[in-house]
Amino acid sequence: MAQYSRVSGTVGLITLLNPPVNALSAAVRQGIVDTMDKALSDRKVKSVVICGHNGKFCGGADIREFSSPLTGPPLIPLIQGVESAAKPVVAAIEGVALGGGLELALGCHYRIAHSKARLGLPEVHLGLLPGAGGSQRLPRLIGVPAALDLITTGRHVTGAEALQLGLVDKVTDRNTVDEAVKFALSVADQPPNSRRVSTFPCPRHPDLDALFEGAMQRVRQRARGALAPVACVQAVRAAATLPYAQGMERERELMATLFTSGQARAQQYHFFAQRAVGRWSMPSGARWDTTKPGAVHKAMVIGLGTMGRGISVALVQAGVSVVAMETNEKQLMEAKQAISSMLERGAKRRGVAPALDKIGYSSNMEPAADVDLVIEAVFEDMALKKKVFQQLSALCKPGTFLCSNTSGLDIDQLASETRHPELVVGMHFFAPAHVMKLLEVVYGSRSSPQAVATAMELGKQMGKVSVAVGNCRGFVGNRMLKPYLEQAFFLLEEGTTPEFVDQVLEEFGFAMGVFRMSDLSGLDVGWRVRKADGLLNASEGHSARIRQGCRYSPLGDLLCEQGRFGQKTGRGWYQYDKPGGRVAKPDPWLHGFLEKFRTQHGLVARRIDHQEVLERCLYALMNEGFRILEDGIAAGPEDIDVIYVLGYSWPPHRGGPMFYAGMVGLQKVLERLEHYHQEHPDIPSLKPCNLLRNLVVNGSPPVHKWREFLKKPQSQL
Ligand SMILES: CCCCCC/C=C/CC(=O)SCCNC(=O)CCNC(=O)[C@H](O)C(C)(C)COP(=O)(O)OP(=O)(O)OC[C@H]1O[C@@H](n2cnc3c(N)ncnc32)[C@H](O)[C@@H]1OP(=O)(O)O
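Everything quoted here is computed from the prediction, not taken from an experiment. (Residues numbered from 1 in each chain as written. Predicted model: local features only at pLDDT ≥ 70, side-chain atom pairs only at ≥ 80, totals over all residues. Heavy atoms only, no water.)

**Q** How should the overall build of the chain be read in this particular structure?
**A** The helix and strand tally for the chain stands at 27 helices and 19 strands. Here the C-alpha atoms of the chain give a radius of gyration of 28 Å, agreeing with the 27 Å that 2.2 N^0.38 yields for 717 residues. Expressed as lengths along the three principal axes of its C-alpha atoms, the size of the chain is roughly 95 × 60 × 55 Å. Scored against the burial criterion, the 717 residues of the chain give a buried share of 55%. Taking the contacts inside the chain whose residues are at least 6 apart along the sequence as the reference set, 73% of them involve residues at least 24 apart. Per element, the accessible surface of the chain, about 30,200 Å² overall, is 53% carbon and sulfur. (Helix = DSSP H or I, 4+ residues; strand = E, 2+ residues; numbered from the N terminus. Rg over C-alpha atoms; globule rule 2.2 N^0.38 Å. Buried < 20%, exposed > 50% of the residue type's maximum accessible area, 1.4 Å probe, protein only. Contact = heavy atoms within 4.5 Å. Areas by Shrake-Rupley, 256 points an atom, 1.4 Å probe, with all protein chains shown as cover.)

**Q** Please clarify how the UniProt feature "domain: 3-hydroxyacyl-CoA dehydrogenase NAD binding" (unreviewed entry) in the chain should be interpreted in this entry.
**A** According to UniProt, the feature "domain: 3-hydroxyacyl-CoA dehydrogenase NAD binding" (unreviewed entry) maps to residues 299-471 in the numbering used here. A distance of 23 Å separates the end C-alpha atoms of residues 299-471, which is 38% helix and 23% strand. (UniProt positions renumbered as here; feature names shortened; annotations may be inferred.)

**Q** When you look at the sheet that holds strand E3 (residues 47-52) in this model, what are you seeing that I'm missing?
**A** Within a sheet, each strand pairs with its neighbour through backbone hydrogen bonds, oriented either parallel or antiparallel. As summarised here, the arrangement of the six strands in space is E1-E2-E3-E4-E6-E9, forming an open sheet in which the pairing is mixed. On the outer flanks of this sheet lie strand E1 (2-7) and strand E9 (170-172), each paired with one strand and no other. The average angle at which neighbouring strand axes cross in this sheet is 20°, direction not considered. Relative to E9, strand E6 (residues 110-114) runs parallel, the two sharing three bridges. Paired with Ile112 across the two strands is Lys170, which belongs to E9. (Pairing = 2+ DSSP bridges. Axes fitted to C-alpha atoms, helices over the stretch in contact; angles between N-to-C directions.)

**Q** I would appreciate a short explanation of the site of the ligand in the present structure.
**A** Looking at the ligand, there are 24 residues lining it, with Gly59, Ala61, Ile63, Gly100 and Arg275 nearest. Residue Arg279 places a side-chain N or O atom 3.1 Å away from an oxygen atom belonging to the ligand. In the complex, 74% of the free accessible area of the ligand, which totals 1,100 Å², lies under the protein chains. Among the elements that make up the shell around the ligand, the one with the highest residue count is helix H11 (residues 262-276) (three residues). (Near = heavy atom within 4 Å. Polar contact = N/O pair within 3.5 Å; in protein donor to acceptor, adjacent residues only side chain to side chain.)

**Q** I would appreciate a short explanation of the sheet that holds strand E16 (residues 438-443) in the present structure.
**A** Taken in spatial order, the eight strands line up as E12-E11-E10-E13-E14-E15-E16-E17 in an open sheet, and their pairing is mixed. This sheet does not close on itself; its edge strands, each paired only once, are strand E12 (359-362) and strand E17 (465-470). Ignoring which end each strand starts from, the neighbouring axes of this sheet average 25° apart. By the bridge criterion, five bridges tie strand E15 (residues 424-429) to E16 in an arrangement that is antiparallel. In the sheet register, Phe429 faces E16, and the bridge partner there is Leu439. Of the strands in this sheet, E16 and E17 are in contact with helix H24 (residues 637-647), which crosses E17 at around 130°.

**Q** Where do I start with the packing of aromatic side chains in this structure?
**A** For any pair of aromatic rings, geometry is given as the distance between the ring centres together with the angle between the planes. Going through the model one piece at a time under the given rule, you end up with 18 aromatic pairs. Between Phe489 and Phe515, the ring centres sit 6.1 Å apart and the planes meet at 40°, which makes this aromatic pair tilted. Taken together, the residues Phe489 in helix H17 (residues 477-494) and Phe515 in helix H19 (residues 514-521) connect sequence positions 26 residues apart. Judged by its relative accessible area of 13%, Phe489 falls in the buried class. (Phe/Tyr/Trp six-rings, centres within 6.5 Å; stacked < 30°, edge-to-face > 60°.)

**Q** Honestly, the environment of Met216 in this entry has me stumped. Any pointers?
**A** Mapped onto the fold, Met216 is located in helix H8 (residues 208-222). In this structure Met216 comes out as buried when scored by relative accessible area, which is 16%. Sequence-wise, Met216 and Pro77 are 139 residues apart; in three dimensions their C-alpha atoms are separated by 30 Å. Setting aside its immediate chain neighbours within four residues, Met216 contacts Val230, Val233 and Gln234.

**Q** What should I look at first to understand the pattern of salt bridges in this one?
**A** Two side chains with opposite charge may pair up if their charged atoms get near one another. If you walk through the whole model with that rule in mind, you get 40 salt bridges. A salt bridge links Arg606 to Glu612, with the shortest nitrogen-to-oxygen separation between them at 2.8 Å. For Arg606, a relative accessible area of 34% translates into the label partly exposed. On the basis of relative accessibility, which here comes to 9%, the residue Glu612 falls in the buried class. (Salt bridge = Lys/Arg side-chain N within 4 Å of Asp/Glu carboxyl O.)

**Q** When you look at helix H3 (residues 100-107) in this model, what are you seeing that I'm missing?
**A** Helical periodicity: at 3.6 residues per turn, an α-helix aligns residues three or four positions apart in one direction. Along H3, eight of the eight residues are buried, which leaves the element largely enclosed by surrounding structure. Looking only at H3, the buried set comprises Gly100, Gly101, Leu102, Glu103, Leu104, Ala105, Leu106 and Gly107.

**Q** Whenever I open this one, the side chain of His114 confuses me. Can you help?
**A** Position of His114 relative to the elements: it lies in strand E6. A polar contact is formed between the side chain of His114 and the backbone nitrogen of Lys116, at a distance of 3.0 Å. Every residue in contact with His114, bar those within four places of it in the chain, is listed here: Ile93, Glu94, Gly159, Val171, Thr172, Asp173, Arg174 and Thr176.

**Q** In this structure, what is going on with the UniProt feature "domain: 3-hydroxyacyl-CoA dehydrogenase C-terminal" (unreviewed entry) in the chain? I would like to understand it.
**A** Following the UniProt record, the feature "domain: 3-hydroxyacyl-CoA dehydrogenase C-terminal" (unreviewed entry) maps to residues 474-576 and 613-710 here. Within the segment residues 613-710, helix and strand shares are 60% and 0% respectively, and the terminal C-alpha atoms sit 30 Å apart.

Take a look at the structure:
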């Protein structure tokens, strides 16, 4: 709803009231219509200010209402009504003005913003476009290039940047509503005719065709297969080329297509899933809202390879004092330089001073005695990590939380090396750790709720989305990756090429196909893990394509034996112009190698189509997701989906693997897995798991109901 009062004698003050972000629900929209009527019919009122309750202007349309039929006054005529008011209307923007919130402000005649307020049109992240006139008014106000940037990226700008762009008329560091009221008094006698943005001509641009072609190419590259960014460009093009009324009609048509698309549903699901994972719980019943995190003022990072460096930067940027430790002197020197320049670059981007004084360096463990939390980021080797945990346990003061950045090793084993296993948790970061938004927080069987809460909170402080998961090999993300990779290797054995598999996966929406990704991260990483797992040698008298009783593809191992580690060596699944080169080219050597391999193993190459690549790779991955849910390693499908979108570049417009399974239809996923498992009985990951069967038997409920079929989350090793 909205509150109305008259202030300073002649200003009608409308306050949007819908905590926590004053979203434009039906009640709020009705409130605006009613209070505007009051203000406009009150003869004492000469001008109007619209603000939001509790220091937040408005977080946009109420996304929760998108799944039901529209009730209450629609937004477009409401904003039109504000714009055509005969009395000047001023938006007082504090906190946020996002989506429909900014569109409402664009309908006002003046905009006064706090310098730290965040303004933006983030609809593209919800699979939509700014469909309440935003795509037509913004280019008229700030020009086509700037509008294209804001609308297609959905990025927020501060009040200060908004002033530079011409998006707001004035910025203040004081009380924004007071300033807006003063401003409203000063313009009370000026008719707002010339302030109606919809009547502005769109600023001319010398080469509109090239501008829009470039924009279209960029959005298609950034989010393959996503409809919303393309529609955003088309809508802005309408603003630049058509009269306002026709542009609005085009905006309406495009929005109608997006609004009912599966992609919008997927992206809105992802929005709420990111928030749902914050409400974590543990098998003991401990929960996010009943557990107080410990304070972390000072932390230590052990091991300054790529991960340790990124983690140190993320901690410093979150305001935590850091001691970064590395025993190898050369590596330590290089890390110091790299960390300083990352901090400097980050500070420049954010327009602040680099917090170089927040970080100190050490070549030994002693400073561990004086920190609140340690993150171990040494080489992925259990024996080495155990040694570090033993030393830490002896050195640290009571209550220091001990975290490991392992990407899949057993947290319980590490905890058992310490005197206080309850203080041990996994904090699995993703590279580059100061950039990637995901953090898997892994609780072992003895991790205390406080240790989990502390890691979750620290992740949030670092700007990450933290997901609490149980302890198993590979946790959630890497455990699901295994069957996905395996299928890709098997498909090569059976007749396809890395290029074809990658093409199919990239068309699906992944930024990179599995082989290009593997070349980028280094083939030797997986090779070392397989070596540690005793998988590299076939048992006596068994085929090289069977290990530990199951089908196994030695292709990756054979490439590593040839020194083909991917981009870093200039050769992998593809060839590169030099070691460290980035442009992947098909490699005739690799094709010959695959042919030879097939001949050696009596395999006859067959034609593998697009559908089979997609189904075998993705359905095997989803099947593992269902197993993870069945085992209680993840609390719900949202946890898995957030991990995959934020950590493994699963396309957001497909929601995540579990959401996507629901979109495809659980029955179909089950049938196809059954089909492939019949064809390949030696591949256990293709055998449909019980939870999937159970969901199908129960009528394939929608994804938000799956939790009713799950056990409580737990550790499992
Ligand atoms: C043909 C139809 C024509 C329709 C035309 C109208 C279309 C308009 C398009 C839109 O306006 S779409 C919405 C655009 N707005 C956004 O995308 C903003 C989304 N919100 C955020 O980015 C953040 O929430 C925030 C506003 C920056 C605040 O962040 P903060 O970290 O402070 O809090 P959160 O934990 O994110 O949120 C708190 C709480 O509020 C819920 N929420 C936030 N925004 C909305 C919203 N727009 N609608 C409904 N609910 C919202 C959020 O879900 C949290 O609640 P939860 O219970 O924890 O999930």
